[in-house]
Structures are given as C-alpha cells and as structure tokens.
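Secondary and tertiary structure notes
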Amino acid sequence: MTLRYDASGLSPTIIGDKMSVSGEQRDALRARLEEALGNVKAAHERGELGFIDCPDFDAQEVQAWAADKRAQGFTDQVVIGIGGSSLGARAVYESMAELPDGGLRTHFAENVDPVGVANLFDGLDFSKTLFVVITKSGSTVETMTKFWYAWDRAVDELGEDEASSHFVAITGPDNAGLRALADDKGFDTFPVPPNVGGRFSVLTAVGLVPLALAGYDIAALVDGAGRARDVSMTDSVDDNAILKAAADMFELYERGADQVVMMAYSDQLLAMADWFRQLWAESLGKAKNRQGEEVNVGMTPIKALGAIDQHSQAQLYMEGPNDKHVVFLEVESFDREVTVPEREGLPESLSHLAGKSLGEILNAELQGTRRALQEAGRPTTTWRFDAVAPGEIGAFIFAWEFITAITGELLDINAFDQPGVELGKKLAHGLLGRQGFEEWAEMARSDEAEASGEEIG
Ligand SMILES: O=P(O)(O)OC[C@H]1O[C@](O)(CO)[C@@H](O)[C@@H]1O
C-alpha cells in the first residue's frame, strides 16, 4: 500500500496511510477544521490556551539558574509530582540516550507506593540531592505527602537551614498549599502559568526546570515546539500537517477507531506514550458537550513498544475488533548502534541477519507490522523522527497538544477541564480526613456539580 507523505517540512514527519482519511473526506471536513482552528486562535487571543505561548519560554534564564545550581555540588534530583506535573519531564528525560556531563541523575517520585518511596529515599545521599516539587494546584495528595516526607528526612539529615536550599517548588502563583510553604521556608520557586493546564505544561517551568537540571538542551526543545507552532497556526488546511493529523484522529474515531495505540519503535520514545495517554484521555474523555448534552466521547489511548509488543499485542491489533488506530513512532537514525556479528556459525536460516544493525532490524519489524496492519484494513499513522533529538521532541509535544485542542473542537467538548478526576480526588481527601466518608462524598458531589468543569487543572 502506498503511503501519503505530508510535505509541510515539519520534523518529525507525519505519514498517514491511504486507508485512513481520503482527500474527499478531508474536503468534507475542511470547513469544520477551519472553524476549529479559528476557535482555538480566538481563545488564545482572549488569553486562554497558554500552551500556545510556551515556545516563547526564556530558556536562557532557566539554563543559567540550573547551571548555578549544578555547580553547587548536587548529583541527583528527585522530581516529586504526578500526572501533568511529572509525565512530560519524565518522557523527555527518558528520551536521552545518555546523561549529559554535569547533568543531575533524575528520579521521578510519582506514586505513593510505600515500597517504591522507601527504596528511593534509602538510596539517596541527601547532601547531594535536590528535591524539585511540582504541583500546579499545590494540594495534590500524592505530591504533598511525599514532599512533606522528603522535607522531614532532609531536615533530619541536614538541619532546616541547609535543607531549604535543597528544595525547589514549581507551583501555581497563589495557591495556599505548596506556594505558601515554599515562601515560608525560602525555597527557590517557579510559577506555573494559570492559563496552561497541567497536562499541557511540559514546556513551562514544570518540565523545563528539571530538564535543565538534567543538562537537557531546553533551548532546542522550545525551538522545535516553535516550528510546530508555525505549522499549527497555518490557515491553509493543505499546508497544515498538524490539522490534517487532527482530521485523521477525528475521522477515524467517527468510523469506529475509538482506541489509539501509540506504538514506539524506540525505547527512548516509550515514555512519550505515557505523556500522550494523559493528554489524550483527560482532554477528550468527556461526558458532556459544550451545550451540556450527554455525549460520552473519548478515545482510549494505549501504549505499546515495538518490537516487544509484536510478540504480545499484535495478534489483537491484526485480528481483533477493528477499533484501533495505531500511531507508530519511528526513528531513522539511532543515537547508538549495535551490529549482529558476521562471525561464521550462524545457522543458514538466520544468516541473512549477520552484519545487520539492530536499528535496521527494529525498523524492518516496524515496516512489516505496519504493512500487515494495512493489508488487514487497520488504519495507521507514522510519526517519523530523523533522530531522537530535542528539536524533534519539542515539535512532537507541541503538535500533539495542538491536535488535542483541535480534536476537542471537532468533538465540541471542553478539552481543558477534567471534572471526572476531581470527584475522585475529593473523595480520597475525605477518606483520609476527619469527616465521615458519606458526609464528605455528599459535599464533594455538590462542589463538583457547582464547579461543573471550568477548571484548568
Ligand atoms: O499539578 P497538580 O495540581 O498536582 O495536578 C496533578 C494532576 O492531577 C490532575 O489534576 C488530575 O489527574 C491532572 O490534570 C494534573 O496534571
């Protein structure tokens, strides 16, 4: 099957297959796409959708601050956050082939699993560890409990004065939780812009501060995001590969592909699928449309790793219900290579593998799987990276944020709230608090009804 290439100059290149959305279908969608783009631009002009401004972030200032911090003898950082306050930084961090010289080894303390937390903290040298605490709301249970534990241990190990120089807080500008504590204790702080939702915030201090501490080239990251923004804001649908990608996501959903499998053929890109899962699920899984009508829309995002999941999931993708759109992440040129030795003695049936690089083998596996899916009538899209480099990662991040916003418009829902998560959070607080559970649940439900989804979490 022939592939359709988008010639927008965007890198990574977005490649749809012929079976996904045809030219005629896109023509039919064209007016809706133009309207969606117009709505997104208008919201941005009103001061909403702050993620669109993220490529303008002043990377130099944060890089200078991080270089100064690194020069103070820290070797490790523990990033304490969850959801949008962790997944983006972790995805970018894990995309690095190796830690740059002088970069801080980074540990992501996301869960409140006692064994994971105890093991992590027992292995730390507190005198050389920086704790970067990230929460937009300043009150997330998982983050604030681990922060308080870290603070307590650091005070015991280092004394309160020294401990305060080991903490950095990245939080909403005026919340009463972490912000108030950080001001009181004298931590370095960075703001999370109020008009950038948590899951859209990796290109703010939320992601860029820990990444700069790890020695990542955040200037190249935001530059790449800027290139994707240029394409995203292009009015002509034909020249806008990102609008076309959104059209594919939406059209395929309408045709029954309500599951999106992001299948990375690169260990370095696997955590990008974790980041994508939150972005896609929290933004687009909604009960009501903008008119308040019950619609229950959403596409379930699934993460997969090639070639491993060929030996685990591919059977289902090939022959199970035709409800999946597989989005492949492909890498042309890997940061390191390993070659199958040409030493004599490999069985004849495997001799064609001698001398091949593992990158070549991985990509052949991707091509085989994609072709097989296409021949079975299953839609696919490929995001092809020349290399896993900061500029391409930045473009990938911005492009998916924008696709999410446009898809939200096409679905006629608010892609920027998360009312469904809020009730569970409140109930958990209630269970741990002084109120009886039922009494708290009653209060939480009525709060939730009042808040009814205008929140940018
Ligand atoms: O940054 P915060 O406020 O700690 O929130 C963490 C995450 O919790 C949520 O509000 C709900 O999962 C996400 O939207 C957010 O990214």
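Residues numbered from 1 in each chain as written. Predicted model: local features only at pLDDT ≥ 70, side-chain atom pairs only at ≥ 80, totals over all residues. Heavy atoms only, no water.

In this section: the overall build of the protein. Within the protein, the secondary structure is distributed over 16 helices and 13 strands. Its C-alpha atoms give the protein a radius of gyration of 23 Å, within 12% of the compact-globule value 23 Å for 457 residues. Overall size of the protein, expressed as C-alpha extent along the three principal axes, is 65 × 65 × 40 Å. Out of the 457 residues in the protein, the part that is buried amounts to 51%. (Helix = DSSP H or I, 4+ residues; strand = E, 2+ residues; numbered from the N terminus. Rg over C-alpha atoms; globule rule 2.2 N^0.38 Å. Buried < 20%, exposed > 50% of the residue type's maximum accessible area, 1.4 Å probe, protein only.)

Contacts to the ligand come from 13 residues, most closely from Ser85, Thr135, Ser137, Thr140 and Glu282. Within the contact set of the ligand, an oxygen atom lies 2.8 Å away from a backbone nitrogen or oxygen of Gly84. Note that an oxygen atom of the ligand is positioned 2.8 Å from one of the backbone N or O atoms of Lys136. The protein chains hide 93% of the 390 Å² of surface that the ligand would expose on its own. (Near = heavy atom within 4 Å. Polar contact = N/O pair within 3.5 Å; in protein donor to acceptor, adjacent residues only side chain to side chain. Areas by Shrake-Rupley, 256 points an atom, 1.4 Å probe, with all protein chains shown as cover.)

Attention now moves to the packing of aromatic side chains. Two aromatic rings are characterised by how far apart their centres lie and by the angle between their planes. Taken as a whole and judged by the stated rule, the model has 26 aromatic pairs. Look at Phe200 and Phe416: their rings are 5.1 Å apart centre to centre, the planes differ by 40°, and that puts the pair in the tilted class. Highlighted residues: Phe200 in the loop between β7 (188-191) and α8 (205-213) and Phe416 in the loop between α14 (390-411) and α15 (419-432), separated in sequence by 216 residues. Taking relative accessible area as the criterion, Phe200 reaches 1% and is therefore assigned buried. Relative to Phe396, the ring of Phe385 lies with its centre 5.5 Å away and its plane at 45°, an arrangement referred to as tilted. In this pair, Phe385 is assigned in strand β13 (residues 380-387) and Phe396 in helix α14, connecting sequence segments 11 residues apart. Accessibility expressed as a relative area gives 0% for Phe385, which makes it buried. Three or more aromatic residues joined by ring pairs form one cluster here, namely Phe121, Phe126, Phe131, Phe147, Trp148, Tyr149, Trp151, Phe167 and Phe187. (Phe/Tyr/Trp six-rings, centres within 6.5 Å; stacked < 30°, edge-to-face > 60°.)

Let us now look at the nonpolar core. One broad trend across soluble globular proteins is that nonpolar side chains are buried collectively. Counting 110 residues, the largest nonpolar core has Phe51, Ile170, Trp275, Trp383, Ile393, Trp400 and Ile406 as the members making the most contacts within it. The element that contributes the greatest number of residues to this core is α14, accounting for 13 residues. Shared between two domains, this core holds at least three residues of each, these being domain 1 (3-41 + 222-411) and domain 2 (51-219). The residues touching Trp400, leaving out its near neighbours within four places in the chain, are Met249, Met262, Trp275, Phe276, Leu279, Trp280, Val327 and Trp383. (Core = buried A, V, L, I, M, F, W, Y, C linked by side-chain atoms within 4.5 Å. Domains from an automatic or database assignment. Contact = heavy atoms within 4.5 Å.)

Moving on to a negative patch on the surface. Judged by side-chain charge, Asp125, Asp152, Asp156 and Glu157 come together as a negatively charged surface patch. With respect to the helices, strands and loops of the structure, Glu157 is situated in helix α5 (residues 141-158). (Patch = residues over 30% accessible without salt bridge, like charges linked within 9 Å, V, L, I, M, F, W, Y side chains within 5 Å. Salt bridge = Lys/Arg side-chain N within 4 Å of Asp/Glu carboxyl O. Lys, Arg positive; Asp, Glu negative; His and termini not counted. Charge placed at Lys NZ, Arg CZ, Asp CG, Glu CD.)

As a further point, take helix α13 (residues 358-375). One turn of the α-helix equals 3.6 residues, which is why residues spaced by three or four share an orientation. Compared with an ideal rise of 1.5 Å per residue, which puts 18 residues at 26 Å, α13 spans 26 Å between its outermost C-alpha atoms and is within 8% of the ideal. Those residues of α13 that sit buried are Gly359, Leu362, Asn363, Leu366, Thr369, Arg370, Leu373 and Gln374. Looking straight down α13, one finds that the buried residues subtend no more than 135° of arc, so they occupy a single side. Of the residues trailing α13, Gly377 is marked for its positive phi of about 75°. (Expected span 1.5 Å × (residues − 1). Arc of directions from axis to C-beta.)

Turning to α5, a few remarks are in order. For α5, built from 18 residues, the straight-helix expectation of 26 Å at 1.5 Å per residue is met to within 8% by its first-to-last C-alpha distance of 25 Å. Taken from the residues just after α5, Gly159 is the one with a positive phi, measuring 85°.

Our focus in this paragraph is the sheet that holds β7. Strand order in the open sheet formed by five strands is β4-β3-β5-β6-β7, and the pairing between neighbours is parallel. The open sheet terminates on both sides in strands that have one partner only, identified here as β4 (105-109) and β7. Ignoring which end each strand starts from, the neighbouring axes of this sheet average 20° apart. (Pairing = 2+ DSSP bridges. Axes fitted to C-alpha atoms, helices over the stretch in contact; angles between N-to-C directions.)

When glycine is set aside, most residues are seen to have a negative phi, and most peptide bonds are trans. Of the consecutive residues Ser11 and Pro12, the connecting peptide bond is found in the cis state with omega at 10°. Mapped onto the secondary structure, Pro12 falls in the loop between β1 (3-5) and β2 (13-17). Residue Ala307 follows Gly306 across a cis peptide bond; omega there is 5°. Inspection of the secondary structure assignment puts Ala307 in the loop between β11 (300-305) and α12 (314-319).

Our next topic: the pairing of β4. The pairing of strand β3 (residues 76-80) with β4 spans five bridges and is parallel. Across the sheet, the residue bridging to Asp76 is Arg105, located in β4. Handedness of the β-α-β unit built from β3, helix α3 (residues 87-94) and β4 comes out right-handed. (Right-handed = clockwise from strand over helix to strand, strands pointing away.)

Bringing the pattern of salt bridges into the picture now. Any two side chains of opposite charge can pair, so long as their charged atoms come close to each other. Summed over all chains, the structure comprises 23 salt bridges. Asp417 serves as the salt-bridge partner of Lys286, at 2.9 Å between the closest nitrogen and oxygen. Within this pair, whereas Lys286 is found in strand β9 (residues 286-288), its partner Asp417 is found in the loop between α14 and α15, the two being separated by 131 residues in sequence. Owing to a relative accessible area of 6%, Asp417 belongs among the buried residues under this scheme. Each member of the salt-bridge network shares a partner with another, and the members are Arg90, Glu94, Glu110, Asp274, Arg277 and Lys303.

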